[in-house]
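# Descriptive analysis of the structure
Listed below are the residues making up each chain.
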Amino acid sequence: MSADEAESEVLFMKTYSIIKLDEITNLNNDRKSLNQKVLLGLATREEFLKQIKVELNMLDTCQLKIEQEMKENNTEDINTEILTILSNRINEMYKNMFLLFPVEKTSLSEYIDFCSNNALFITKCSNMLEILMLKYHSDPEVYITAATYEFDDRNNVESARRYFSEGLKHHENCKNLYVEEFWVEVQHLEKTEGASLPIAIEKYRNLIKRFANDIEFHFILLDRAIKLSTVRELQCNVVRDMIKKYKHSELMWQKLAQIHFDGFIYDQKTEQLHYDKNYINGIRNCIKTYENGLKENLPLKNKLKLWTFYIDHIIEIRKSYRMKKETIRNFMNETMERAFQEAHENKALCKAEYYIYWTENTNKDCHRIMKESVKVIKDSVDLWYNLISYYLKYDSLEMGIEAFQAGVRALTNKSMPLWEILILYMANTHPKLLQQLYQEGSNCPYPEVNCVIRPEYLEWNVLHNGILSTRELFNKLKDVKPECKQLYKSMITFELTQNSGISKLSFIRKLHNILCNSFGDTDIDVWSDCMRFEYMYGSRRYVRAIFEASLTSVNPNLKSSMTEEYEKLKEEFKDYDRKDLGVIVIEDDE
């Protein structure tokens, strides 16, 4: 910056109170420091970026101030030289940074944005890119950023092509470079109204040759090609090649069905592609495409996948806004029934959610579908649950029990939801049979079931048959394997809530003792409950012994927590008087 420019900058800052005088001094010192480091080869990229940010903020502030002054004073007679001074400085800093350090996509994008917002620097930006693109860049996105700018902002396809070419010299396996290069040619093809078709076709041919048998890459090219409406011949080539090359791939049929659904209709007889605005035609062609694909001689595994794509798309269409018209609703209802039935017959309806959707939306016998579904997918809790719910809804208890027993055999340790629904039903309709069901569930060989049902059975029994019967039942249930923590805790609760005063202190102690011995290595709550019991109903002299026993039993990582719990209990019960709180002290019967 010349002396005149420096003086002009300071004058503008003072005149419009942009920053204080000492801040101007500090700013100039920072600029000089960076310049000195550049000369000595000591500057870092971070220092450049930091200073550029400061200068950009200053530029924005000055720009806003000028606009404000023009508006308030209704004049354009304001010296705007400051904007040129700052912009030149920023441009020079970017230039030095790019020449001294590897170019990063983010910094290059920011530089392009800066130049785009300052018309005077558009040419300088292109000149800078010309220099930079002759260098090697480890990030291929740098080449894409530069080429895209030249094409989108400068309408310079030749520079864009050149930059892509440079990038591909260094990154010959970067798919994204090829894709973005192809996308530029697609856009240019539309701009030239087809005049550049030979170049676009050649690029496309080279790409599918280079990435032969890469179906996903072919799909990406197709997605780019069908974005624009006036490049039909190129689109036809891409679709035609896709069908011929990947005819035996379920992914190809899914992709073809999707573009038909989106309105791009390809006629395989004429090999022509056209766009149809009528979404109903798109849906019909989409369905027809799936059905044609399923007629192909695909390997079984691939055909099953195509069935899944087809069923998913049917559900998606039926849930969409496109179902407003009655004609398309009727068509899709017929399609759904036909497709789901054929998929079922071909053992291709492989998800429980498909059968559930079918039963919820069919106009036919959903009972038949439910029965068939559990034969196909035997381990689905939802399918068995739905079938049993159906029978119970219509009070077909015999059929419900038969389905329940088959479901439990099929689901084994996952069958708890089936027990729950039958227990709830019998509690409301057949209470005399409920006890038998509880007994069966309590002795079920699956821990995930019997450990849930045993405490429930105990609670039901105490409500209906009293504590004496419940004690007898507990003695039977506790011997069922595995040991059930909740069973013991429930029994303790029932004993403590008896108002007859005949609860046995030694029996409750024994239950707490079993809980601590069986589960106390990982659960400090059982020890806490045991100590709390002694505080409230037993003897305080036992509490310390229980705590010491806990420290020898719990896992080492729980010892500190156990100690904290013990201290909390001591504090809680230090002034505790059972008589004042109406607690009945149960005498020890030993």
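Note: the structure precedes this text.
Residues numbered from 1 in each chain as written. Predicted model: local features only at pLDDT ≥ 70, side-chain atom pairs only at ≥ 80, totals over all residues. Heavy atoms only, no water.

This part takes up the overall build of the chain. Across its full length, the chain carries 28 helices and two strands. Radius of gyration (C-alpha) of the chain: 40 Å, far over the 25 Å computed for a compact globule of 590 residues. Each of the 590 residues in the chain was classed as buried or not, and the buried ones make up 47%. Surface exposure of the chain reaches about 31,500 Å², of which carbon and sulfur atoms provide 49%. A gap of 5 Å separates the mean positions of the 79 positive and 91 negative side-chain charges of the chain. (Helix = DSSP H or I, 4+ residues; strand = E, 2+ residues; numbered from the N terminus. Rg over C-alpha atoms; globule rule 2.2 N^0.38 Å. Buried < 20%, exposed > 50% of the residue type's maximum accessible area, 1.4 Å probe, protein only. Areas by Shrake-Rupley, 256 points an atom, 1.4 Å probe, with all protein chains shown as cover. Lys, Arg positive; Asp, Glu negative; His and termini not counted. Charge placed at Lys NZ, Arg CZ, Asp CG, Glu CD.)

As for its placement among the helices and strands, His-367 is situated in helix α18 (residues 366-376). With relative accessibility at 18%, the residue His-367 sits in the buried group. Within the structure, His-367 has its side chain in polar contact with the side chain of Tyr-391 (distance 2.8 Å). If we skip the residues at most four places from it in the chain, His-367 touches Leu-387, Tyr-390 and Tyr-391. (Polar contact = N/O pair within 3.5 Å; in protein donor to acceptor, adjacent residues only side chain to side chain. Contact = heavy atoms within 4.5 Å.)

Closest axis-to-axis distance for the helix α7 (residues 140-152)/helix α9 (residues 175-191) pair is 10 Å, and the angle between their directions is 10 degrees. By the angle class used here, α7 and α9 are roughly parallel. Contacts between α7 and α9 involve Pro-140, Glu-141, Tyr-143, Ile-144, Phe-151 and Asp-152 from the first element and Asn-176, Leu-177, Glu-180, Val-184, Gln-187, His-188 and Lys-191 from the second. When the residues that make up the contact of α7 with α9 are grouped by side-chain class, the tally is six nonpolar, three polar and four charged. (Axes fitted to C-alpha atoms, helices over the stretch in contact; angles between N-to-C directions. Parallel < 35°, antiparallel > 145°, perpendicular 65-115°, else oblique. Nonpolar A, V, L, I, M, F, W, Y, C, P; charged D, E, K, R; others polar.)

A surface patch of nonpolar side chains, amounting to about 360 Å² of accessible area, comprises Leu-39, Leu-40 and Leu-42. Relative to the assigned elements, Leu-40 resides in helix α2 (residues 21-40). Look at Leu-40 and you get exposed, because its relative accessible area is 55%. (Patch = residues over 30% accessible without salt bridge, like charges linked within 9 Å, V, L, I, M, F, W, Y side chains within 5 Å. Salt bridge = Lys/Arg side-chain N within 4 Å of Asp/Glu carboxyl O.)

A rise of 1.5 Å per residue sets the reference length of helix α19 (residues 381-393), with its 13 residues, at 18 Å; its end C-alpha atoms lie 18 Å apart and thus fit the reference within 8%. Listing the buried residues of α19 in full gives Leu-383, Trp-384, Leu-387, Ile-388, Tyr-391 and Leu-392. In a view along the axis of α19, the buried residues occupy a sector of 165 degrees, so they form one face of it. Looking at the buried residues of α19, the elements they touch are α17 (352-361), α18, α20 (397-411) and α21 (416-429). (Expected span 1.5 Å × (residues − 1). Arc of directions from axis to C-beta.)

Taken as a whole and judged by the stated rule, the model has 29 salt bridges. Note that Lys-244 is salt-bridged to Glu-271, the shortest N-O span being 3.6 Å. Taken together, the residues span a long stretch of sequence, with Lys-244 in helix α12 (residues 232-245) and Glu-271 in the loop between β1 (264-267) and β2 (272-275) at a distance of 27 residues. The exposure class of Lys-244 is exposed, given its relative accessible area of 57%. Of the charged contacts in the structure, one is a salt bridge between Asp-523 and Lys-485, with a shortest N-O distance of 2.7 Å. Residue Asp-523 is found in the loop between α25 (505-519) and α26 (524-536), and its partner Lys-485 is found in helix α24 (residues 485-496); the two are separated by 38 residues along the sequence. The buried category is assigned to Asp-523, whose relative accessible area is 12%.

As for its placement among the helices and strands, Tyr-149 is situated in helix α7. Expressed as a C-alpha distance, the spacing of Tyr-149 and Phe-114, which sit 35 residues apart in the sequence, is 12 Å. Apart from residues lying up to four places away in sequence, Tyr-149 is in contact with Ile-112, Ser-116, Ile-122, Cys-125, Ser-126, Leu-129 and Arg-154.

If you look at the biggest cluster of nonpolar residues, it comprises 188 residues, and the most contacted ones within it are Cys-62, Phe-98, Leu-108, Leu-234, Met-332, Phe-340 and Trp-419. Top contributing element to this core by residue count: helix α23 (residues 447-477), with ten residues. Setting aside anything within four residues of it in sequence, one finds Phe-340 in contact with Ile-311, Ile-314, Ile-315, Leu-349, Tyr-354, Tyr-357 and Trp-358. (Core = buried A, V, L, I, M, F, W, Y, C linked by side-chain atoms within 4.5 Å.)

In this sheet, β2 lies alongside β1 in antiparallel orientation, the contact comprising four bridges. Directly across from Asp-267, in β2, lies its bridge partner Gln-272. (Pairing = 2+ DSSP bridges.)

Another aspect to go through is the packing of aromatic side chains. Applying the stated rule across the entire model yields 26 aromatic pairs. Here Tyr-94 and Tyr-111 contribute two aromatic rings whose centre-to-centre distance is 5.0 Å and whose plane-to-plane angle is 55 degrees, an arrangement assigned as tilted. Here Tyr-94, found in helix α4 (residues 81-100), pairs with Tyr-111, found in helix α5 (residues 105-116); they are 17 residues apart in sequence, far enough to count as distant. Accessibility assignment for this pair places Tyr-94 and Tyr-111 in one class, buried. Consider the rings of Tyr-178 and Phe-211, whose centres lie 5.4 Å apart with planes at 75 degrees: the pair is edge-to-face. In this pair, Tyr-178 sits in helix α9 while Phe-211 sits in the loop between α10 (197-210) and α11 (215-225), placing the two residues 33 residues apart along the sequence. Comparing Tyr-178 with Phe-211, the two get one shared label, buried. Members of the aromatic cluster, connected to one another through ring pairs, are Tyr-94, Phe-98, Tyr-111 and Phe-114. Looking at Lys-191, its charged tip hangs above the ring of Phe-151, at a distance of 4.1 Å from the centre. One Lys or Arg, Lys-245, reaches over the ring of Tyr-246 and ends 6.0 Å from the middle of that ring. (Phe/Tyr/Trp six-rings, centres within 6.5 Å; stacked < 30°, edge-to-face > 60°. Lys NZ or Arg CZ within 6 Å of the ring centre and 35° of its normal.)

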